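If you want the building blocks of each chain, they are given just below.
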Amino acid sequence: MSLIPRGTGFDPFSLGFWDPFDGFPFGAGGGSLVPRASSSETAAFAGARIDWKETPEAHVFKADVPGLKKEEVKVEVEEGNVLLISGERNKEQEEKTDTWHRVERSSGKFMRRFRLPDNAKVEQVKAAMENGVLTVTVPKEEAKKPDVKSIQISG
């Protein structure tokens, strides 16, 4: 027995997005502040899972994008130091003669932005895709070692 009735009111465990502007004229198009998820099938894909690790040489981002081709994913640097990873998985075409018993694979658009630190070399960003994992490598500038000048002590 659940203490929170499902299907009525707020469900904190749902994957859907709540849009406080739902029902307003500007909320129905692209003017909403929250990405539109018309159904649960797009809501699940809206937040692509991305890991970000920092090594001594680079910042490395790994995104799970199973089933996508490299042509369906975009990697961009905007505003000088913001890494943008986006893409879209299209819905499978339905045939009139087909009978679907279950649809669990998600479709829709995703977009993630990451503000890169000042030591990132944004002009040398590299991206590669292998086995449904997108790897974006952003090299780092070498840390400048402070000049140390030895001072002789008199006396």
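Definitions and cut-offs
- Residues numbered from 1 in each chain as written.
- Predicted model: local features only at pLDDT ≥ 70, side-chain atom pairs only at ≥ 80, totals over all residues.
- Heavy atoms only, no water.
- Helix = DSSP H or I, 4+ residues; strand = E, 2+ residues; numbered from the N terminus.
- Buried < 20%, exposed > 50% of the residue type's maximum accessible area, 1.4 Å probe, protein only.
- Contact = heavy atoms within 4.5 Å.
- Areas by Shrake-Rupley, 256 points an atom, 1.4 Å probe, with all protein chains shown as cover.
- Core = buried A, V, L, I, M, F, W, Y, C linked by side-chain atoms within 4.5 Å.
- Polar contact = N/O pair within 3.5 Å; in protein donor to acceptor, adjacent residues only side chain to side chain.
- Pairing = 2+ DSSP bridges.
- Axes fitted to C-alpha atoms, helices over the stretch in contact; angles between N-to-C directions.
- Phe/Tyr/Trp six-rings, centres within 6.5 Å; stacked < 30°, edge-to-face > 60°.
- Salt bridge = Lys/Arg side-chain N within 4 Å of Asp/Glu carboxyl O.

Caption draft 1: Expanded view of the overall build of the protein chain. Within the protein chain one finds one helix and seven strands. Along the protein chain, helices and strands appear, N-terminal first, in the series α-β-β-β-β-β-β-β. Classification of the 155 residues of the protein chain by burial places 25% in the buried group. Taking as baseline every contact in the protein chain between residues at least 6 positions apart, the subset at least 24 positions apart corresponds to 53%. Element-wise, carbon and sulfur atoms account for 52% of the exposed surface of the protein chain, whose accessible area totals about 12,600 Å².

Caption draft 2: Here's a closer look at the nonpolar core. Phe-61, Leu-83, Ile-85, Leu-134 and Val-136 are the most contacted members of the largest nonpolar core, which has 16 residues in total. Those elements that provide at least two residues to this core are β2 (58-64), β4 (82-89), β5 (108-115) and β7 (133-139). Top element by residues in this core is β7. It accounts for three residues.

Caption draft 3: A look at the side chain of Lys-140. By the element assignment, Lys-140 lies in the segment after β7. You can call Lys-140 buried: its relative accessible area is 14%. Within the structure, the side chain of Lys-140 is placed 2.7 Å from the side chain of Glu-54, a separation counted as a polar contact.

Caption draft 4: The arrangement of the sheet that holds β7 in detail. Spatial ordering of the open sheet is given by β1-β2-β7-β6, a layout of four strands whose pairing is antiparallel. Because the sheet does not close on itself, it has two edges, and the strands there are β1 (50-54) and β6 (126-130). Going across the sheet, the axis of each strand differs from the next one's by a mean of 15°, ignoring polarity. As paired strands, β6 and β7 are joined by five bridges and run antiparallel to one another. When the sheet's bridge partners are listed, Ala-128 is paired in β7 with Thr-135.

Caption draft 5: Examining the packing of aromatic side chains more closely. Tallied over the full model, the rule gives three aromatic pairs. The interplanar angle of 50° and the centroid separation of 5.1 Å between the aromatic rings of Phe-61 and Phe-114 together place this pair among those described as tilted. With Phe-61 in strand β2 and Phe-114 in strand β5, this residue pair connects regions lying 53 residues apart in the sequence. Residue Phe-61 shares its accessibility class with Phe-114, and that shared class is buried.

Caption draft 6: Looking closely at the pattern of salt bridges. Summed over the entire model, instances satisfying the criterion amount to three salt bridges. Close ionic contact of Glu-54 with Lys-140 constitutes a salt bridge, the shortest N to O distance being 2.7 Å. A residue pair is termed long-range when its members are at least 10 positions apart, and Glu-54 in strand β1 and Lys-140 in the segment after β7 qualify at 86 residues. Its salt-bridge partner being Arg-113, residue Glu-78 comes within 2.6 Å of it at the nearest N-O pair.

Caption draft 7: Structural view of the sheet that holds β5. With antiparallel pairing, three strands are arranged side by side in an open sheet as β3-β4-β5. The open sheet has two edge strands, β3 (73-78) and β5, and neither has a second partner. Each adjacent strand pair in this sheet contributes to an overall mean axis angle of 15°, direction not counted. Pairing of β3 with β4 involves six bridges; the strand directions are antiparallel. Note that in β4 the partner of Glu-76 across the bridge is Leu-84.

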